[in-house]
Amino acid sequence: MGGKDLRALAERFAQICGPHRVLTDRDRLATYRSDGLLHFQVMPGVAVLPETTAEVAAVVAACHDAGVPWVARGSGTGLSGGAVPVEDGVLIVLSRMRRILDVDTANLRVVVEPGVTNVQVSQAIGPGYYYPPDPSSQIVCSIGGNVAENSGGAHCFKYGFTTNYVMGLELVLPDGEVVTVGGKECDLPGYDLVGAFVGSEGTLGIATKIVLRLIPAPEHRETLVAYFNDMEHAGHAVSDVVASGILPGAIEMMDNLAIRATEEATHAGYPLDAGAALIIEVDGPVSECKATFDEVVEICKRNGCTGVRVAEDEHQRQLIWKARKAAFAAMGRISPNYYVQDSVIPRTGLAEVLNRIEQLSREHRLRVANVFHAGDGNLHPLVLYDHSVEGEAERAEKLAGEIVLACVHAGGSITGEHGVGLDKKAYMADMFAEEDLDCFQKLRCSFDPEQLVNPGKVMPTPRLCGEVPGPYRQHPLERAGVAERF
Amino acid sequence: MEILRVSTAQDAADALADAAQHGRPLRLRAGGTKSSWGNPVEDVWGVLDLSGLNGVIEHNEGDLTAIVRAGTRLVEAQEVFARAGQMLALDPYPGEGAAATIGGIVATGDSGPLRHRFAAARDLVLGIRFATTDGKVARSGSKVIKNVAGYDLGKLFTGSFGTLGAITEVILRLHPLPRARVTALGRDSDVGRIEAGARALLAKPLELEALDVAWRDGVGEVLARIAGAESEERTRRTVAALEEAGLDTVVAEGDDEAALWERQRASQRSDDGIVVRVSARPAEIGRVLAAARSARAAAVGRVAFGLVWLALPAMDTADAVAAIDHVRARLRPYACVVLDAPESVRAKVDVWHSEHAGAPALMRRVKERFDPRRVCNPGIFVGGI
Ligand SMILES: Cc1cc2nc3c(=O)[nH]c(=O)nc-3n(C[C@H](O)[C@H](O)[C@H](O)COP(=O)(O)OP(=O)(O)OC[C@H]3O[C@@H](n4cnc5c(N)ncnc54)[C@H](O)[C@@H]3O)c2cc1C
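Residues numbered from 1 in each chain as written. Chains lettered and ligands numbered in written order. Predicted model: local features only at pLDDT ≥ 70, side-chain atom pairs only at ≥ 80, totals over all residues. Heavy atoms only, no water.

Engineer: Explanation requested: the sheet that holds strand β16 (residues 337-340) of chain A in the structure shown.
Structural biologist: In sheet architecture, strand pairing relies on hydrogen bonds along the backbone and comes in two forms, parallel and antiparallel. Residue and element names in this part refer to chain A. In space, the seven strands of this open sheet follow the order β15-β12-β14-β13-β17-β18-β16, with antiparallel pairing throughout. Lying at the two open borders of the sheet, with one neighbouring strand each, are β15 (307-310) and β16. Adjacent strand axes in the sheet meet at a mean angle of 15°, parallel and antiparallel pairs treated alike. Note: strand β12 (residues 220-228) against strand β14 (residues 276-284), nine bridges, orientation antiparallel. Residue pairing across strands places F228 opposite A276, the latter belonging to β14. Running over the sheet, helix α8 (residues 231-243) touches β12, β13 (250-255), β14 and β17 (368-373) and is turned about 170° from β13. (Pairing = 2+ DSSP bridges. Helix = DSSP H or I, 4+ residues; strand = E, 2+ residues; numbered from the N terminus. Axes fitted to C-alpha atoms, helices over the stretch in contact; angles between N-to-C directions. Contact = heavy atoms within 4.5 Å.)

Engineer: Which parts of the structure should I look at to understand the interface of chain A and chain B?
Structural biologist: Many analyses report the size of an interface as the accessible area lost when the parts associate. On the side of chain B, 101 residues touch chain A, which itself brings 103 residues to the contact. Both sides of the chain A and chain B interface together cover about 8500 Å² of buried area, and 58% of this is carbon and sulfur. The interface formed by chain A and chain B includes nine salt bridges. Applying the counting criterion to the chain A and chain B interface returns 33 residue pairs in polar contact (both at pLDDT 80 or more). Elements represented by at least two residues in the side of chain A that touches chain B include exactly α6 (156-159), β9 (178-182), α7 (193-197), β14, α10 (286-302), α15 (428-431), α16 (434-447) and α17 (476-479) of chain A. Ranked by residues supplied to the side of chain A that touches chain B, first place goes to α16(A) with eleven residues. Looking at side-chain class alone, the side of chain A that touches chain B contains 47 nonpolar, 31 polar and 25 charged residues. (Buried area = accessible area lost by both parts, 1.4 Å probe. Salt bridge = Lys/Arg side-chain N within 4 Å of Asp/Glu carboxyl O. Polar contact = N/O pair within 3.5 Å; in protein donor to acceptor, adjacent residues only side chain to side chain. Nonpolar A, V, L, I, M, F, W, Y, C, P; charged D, E, K, R; others polar.)

Engineer: Explanation requested: the domain arrangement of chain A in the structure shown.
Structural biologist: Residue and element names in this part refer to chain A. Each assigned domain of chain A is listed with its residue range as follows: domain 1 (3-93), domain 2 (100-216), domain 3 (220-328), domain 4 (335-423) and domain 5 (435-479). Using C-alpha coordinates to define each centre, domain 1 is positioned 23 Å away from domain 2. Counting from both sides, the interface comprises 14 residues of domain 1 and, opposite them, 17 residues of domain 2. Where domain 1 packs against domain 2, one counts zero salt bridges. The interface formed by domain 1 and domain 2 includes three residue pairs in polar contact (both at pLDDT 80 or more). (Domains from an automatic or database assignment.)

Engineer: Is there a simple way to think about the packing of helix α13 (residues 350-363) of chain A against helix α14 (residues 392-409) of chain A in this case?
Structural biologist: When two helices pack together, their arrangement is captured by the angle between the axes and the distance separating the axes. Residue and element names in this part refer to chain A. Between α13 and α14, whose axes approach to 10 Å, the crossing angle comes to 160°. Classified by the angle their axes make, α13 and α14 are roughly antiparallel. Helix-helix and strand crossings are classified by hand; for α13 and α14 the assignment is right-handed. Of the residues in α14, those touching α13 at V353, R356, I357, L360 and S361 are L399, E402, I403, A406 and C407. Residue classes in the contact of α13 with α14 are distributed as seven nonpolar, one polar and two charged. (Parallel < 35°, antiparallel > 145°, perpendicular 65-115°, else oblique. Left-handed = near helix turned anticlockwise from the far one by under 90°.)

Engineer: I'm lost on the site of the ligand in this one. Help?
Structural biologist: Residue and element names in this part refer to chain A. The immediate surroundings of the ligand are formed by 32 residues, with A72, G74, T77, S137 and S142 found nearest. Take G152: an N or O atom from its main chain is 3.0 Å from a nitrogen atom of the ligand. Alone, the ligand offers 970 Å² of accessible surface; in the complex the protein occludes 92% of this. Every element with two or more residues in the shell around the ligand is listed here: β3 (70-73), α5 (143-149) and β10 (206-213). Here the element with the most residues in the shell around the ligand is α5; it accounts for five residues. (Near = heavy atom within 4 Å. Areas by Shrake-Rupley, 256 points an atom, 1.4 Å probe, with all protein chains shown as cover.)

Engineer: How do you make sense of the side chain of A:D134 when you look at a structure like this?
Structural biologist: Looking at the secondary structure, you find A:D134 in the loop between β7 (129-130) and α5. Although A:D134 is buried, it makes no salt bridge; A:K325 carries the closest opposite charge, 4.4 Å away. (Buried < 20%, exposed > 50% of the residue type's maximum accessible area, 1.4 Å probe, protein only. Lys, Arg positive; Asp, Glu negative; His and termini not counted.)

Engineer: Looking at this structure, how should I read the sheet that holds strand β4 (residues 56-60) of chain B?
Structural biologist: With antiparallel pairing, the five strands of this open sheet are ordered in space as β4-β5-β9-β7-β8 (chain B). In this open sheet, the two strands that pair with only one neighbour each are β4 and β8 (137-141) of chain B. Looking at each pair of strands side by side, their axes are set apart by 10° on average, direction ignored. Across four bridges, the pairing between β4(B) and strand β5 (residues 65-69) of chain B is antiparallel. Residue pairing in the sheet places B:E58 in a bridge with B:I67 of β5(B). Running at roughly 70° to β8(B), α16(A) makes contact with β7 (125-131) and β8 of chain B of the sheet. This element, helix α2 (residues 74-82) of chain B, spans β4 and β5 of chain B of the sheet and lies at about 30° to β4(B).

Okay, structure coming up:
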């Protein structure tokens, strides 16, 4: 793609959106070079900030006509390089589409534009209702990004992930066509394209309107943090809680290194010598919480916890959570650089995998802090390193990669919530066979046969789409004129 | 008609590849309990019988997950899970002789009352393995409960009516069986009061395990199931809400309680009549029940999802077509999909109510990519896909 074509495209965008919403100068484009994962940086050719579905559709159609690849971007907090631009391509920034279109509490639905932030949804629906997926980045990340990544959060063990709450989508397809899939209703006829789109990492099109399902807000919460001498005991406590039939709203775990870092950052009062801290929150009807919470405390004690702190009020609850929510950021206190991993393991494999991580950490002479969603086995090992030390960044990456493989070998996944993006695509082939990847490609090609959308992401190696073979046979109903062929 | 019985996933893939190569359309079947759903399949050459793919492959008790072969009967899998105090929180009516298989339930996206608390098949399926028409066995998802690697083809295949390939294994999330269950049942012959009771409960943070409505022979019901560690206090509050809405309320426990829900499940099916599934909204549940009343249909519904199954009595073909049209006209703009119906009726109506399918051209492109030769249940699905 030559600079001239791109200039023509930028002019077309200016006609569509107005010149002030088209960025072409390198200084302003520089902001968009990467997402939350800073080590992938690519300068886009042009960035455009549409404000309506019609503008998005016109922009996408213009790219399609010109055969120029493009990438969608929400708030740019992604941690897998999903929103990293393509060189000489177009970046479509959706952060200006931030209207809340319909708060329909009578039907437990809310309809928003993609640039609305996660926390704005909670604010819009008010305290009586609850939209559970709560990524730690919720103050900034966009619902469009959440849909694309199928984001999770601390409360997903009980309540499910973004995909369990998206009911309908308005989509701009890669050729600029606008379609609506799903809606406020369930079980609409046809394929579950909503389910296929959620988690597709910006490779199938742009969500321009999103219908979310709400639930009544839990009436009550009980929160505790229990300290253990080591991760193994904490892990057993988690297993026992789950085996007892209790479904806590959240179960989060931190190891000693993570505790020390977060204490330094937040002074939340966690003992510095604890080998592990387990945050357990039980939520729901008052009577149900009371009945289960005592049991949770009991289980922690039975598994040798060295102390339990129960939040007596909202302030104390916030303090307990503060440490956990600040965990990533706090790593800066103990290490110049860190690399976040997002692998998942079957919960029962916890002790084994943690041992393996410790062993790898020793072998590579780098510290690893562990913070994770213990209920669903989603580890976030944080590999600590110093970029200025020759070779450490490479060692960190190698170590992180071996951790991913250890998790896959334990029957797990390379990513639980951050997505594959650029960062983990090399590991896709460790988790999936060639046949599996072929089928992923079939879905992608049915949306984007020209492969202009977020190219180079998710799939480990480039693949073509090819023609669809096959003679077309008419259905009898169609012949009889009963059903319309699409 | 040829019957191809397969006992491995690769056999199924070979059969599909062979069918594709020779242009021989297949009807995919396992338990056979939902053969009367969808459009009649066109020009079928043979049946691909998947019921031989059965058995629970893994039950990971500590992880609350399981891998089952698609032809495993739901009731058999539940027995295995129950031994560990667990369940698959998916409870559609298992059909004649309880023959419904997990693969069939997933392929049709069927559901039961537990959906209220645990969501639908799509949400409980962590992964699938399936046979493709190019003779391969592929997988999507994994056996961990949280995973975003790769596209979620499990959701694409769930409810796809076997039109994209043959599901051969399903990886499932399980839940603990509750320690006890109690149901509060409110009755009234006034649709408005039924809706009021149902909606009052929907807005309350009671974490009900199920919240259904029913309409039979001029009497409506709201059924609220309480399960968990504590039930006394929550039952009291549930009963109070139903009474406040003006309903006659009783509390059921034990076998009586279980029977109430068996009946709800069974009411989603009909042997000789017609079942129409209405995709409405929670706040419109009363309107749907009123339509049931006027069509002399029985109805069961999941309040939180606005889903209602209307069961029309058996009637001759012309009357049935008119009755379906009447229901659809009355419940505009909601999709009313015909499930059970005699083939004569299915040949005369668009059972899928296809105008409600978003992105039809895109759906067709998906079908073309996965089954280009149209050998997997051709024609059965929306718009003749
Ligand atoms: C400190 C921190 C904490 C985090 N904590 C969590 C956490 O707890 N849980 C979690 O799951 N994630 C977490 N994340 C990751 C990140 O916030 C999520 O992935 C989030 O959903 C990304 O949203 P975004 O708007 O920033 O998307 P971006 O980063 O802008 O984009 C992400 C992907 O979405 C695509 N995209 C964006 N908008 C659209 C749209 N409208 N239609 C189609 N595709 C689109 C992009 O092309 C890209 O592929 C965290 C990140 C940070 C920096």
